[in-house]
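Here's the letter readout for the chains.
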Amino acid sequence: MTTFTVDPATLQELSGKLTTIHSNMSNMKAVASGYEGLLGGSDLEGEVGHFCSTWGYGIGKLHDHMGQVVQRLDCATRTYSTSETEIAQAASGGTQGGGGR
């Protein structure tokens, strides 16, 4: 028999870690740029600029998707926490019926 277990605390911890990564992604483009006049030539600076632009686009896409993942994890955490509370209350003779759901 297969068992499926969800731990809201673990979901919340994962969401927190991904939020940190998400925040760091926002800052990556700024870290990779800002070297104009310091690299020793316009050709090299042009290549670095092109890389930063391409990198920035890719990081932007990852940033957007990571934000959506964090939102969904937060929603799952709230939903599972609510369900666990309702099940515990029902099992202990508390509220019946789960609030009309």
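For the structure, see preceding data.
What counts as what
- Residues numbered from 1 in each chain as written.
- Predicted model: local features only at pLDDT ≥ 70, side-chain atom pairs only at ≥ 80, totals over all residues.
- Heavy atoms only, no water.
- Helix = DSSP H or I, 4+ residues; strand = E, 2+ residues; numbered from the N terminus.
- Buried < 20%, exposed > 50% of the residue type's maximum accessible area, 1.4 Å probe, protein only.
- Contact = heavy atoms within 4.5 Å.
- Areas by Shrake-Rupley, 256 points an atom, 1.4 Å probe, with all protein chains shown as cover.
- Expected span 1.5 Å × (residues − 1).
- Salt bridge = Lys/Arg side-chain N within 4 Å of Asp/Glu carboxyl O.
- Patch = residues over 30% accessible without salt bridge, like charges linked within 9 Å, V, L, I, M, F, W, Y side chains within 5 Å.
- Core = buried A, V, L, I, M, F, W, Y, C linked by side-chain atoms within 4.5 Å.

A. Up close: the overall build of the protein. Across its full length, the protein holds two helices and zero strands. Looking at the protein as a whole, 14% of its 101 residues are labelled buried. Put simply, of all contacts in the protein between residues at least 6 apart along the chain, 69% involve residues at least 24 apart. For the protein, the accessible area works out to roughly 7500 Å², and carbon and sulfur atoms hold 59% of it.

B. Representation of helix α2 (residues 42-91) within the structure. Here α2 spans 71 Å end to end across 50 residues, near enough to the 74 Å set by a 1.5 Å rise per residue. Of the residues trailing α2, glycine 93 is marked for its positive phi of about 85°.

C. Quick look at the pattern of salt bridges. In this structure the tally under the stated criterion is one salt bridge. We note a salt bridge from glutamate 13 to lysine 17, for which the minimum N-O separation is 3.3 Å. Of the two residues, glutamate 13 and lysine 17 are both situated in helix α1 (residues 8-32); the distance of four residues between them amounts to about one turn of the helix.

D. Here's a closer look at the side chain of threonine 77. By the secondary structure assignment, threonine 77 is in helix α2. In this view, threonine 77 contacts Pro8, Leu11 and Gln12; residues no more than four positions away in its chain are not counted.

E. Region of the structure containing a nonpolar patch on the surface. A cluster of nonpolar side chains, contributed by Leu38, Leu39 and Leu44, occupies part of the molecular surface with about 280 Å² of accessible area. Residue position: leucine 39 is located in the loop between α1 and α2. By relative accessible area, leucine 39 is classed as partly exposed at 30%.

F. Fine view of the nonpolar core. Membership of the largest hydrophobic core is limited to eight residues, which are Val6, Leu11, Leu18, Met25, Ile59, Met66, Val70 and Leu73. Contributing elements (two or more residues each) for this core: α1 and α2. Considering each element in turn, this core owes the most residues, four residues, to α2. Sequence-distant contacts of valine 6, that is, excluding residues within four places in its chain, are made with Leu11, Tyr80 and Glu84.

Without other data, these values stay purely geometric and don't point to any function.
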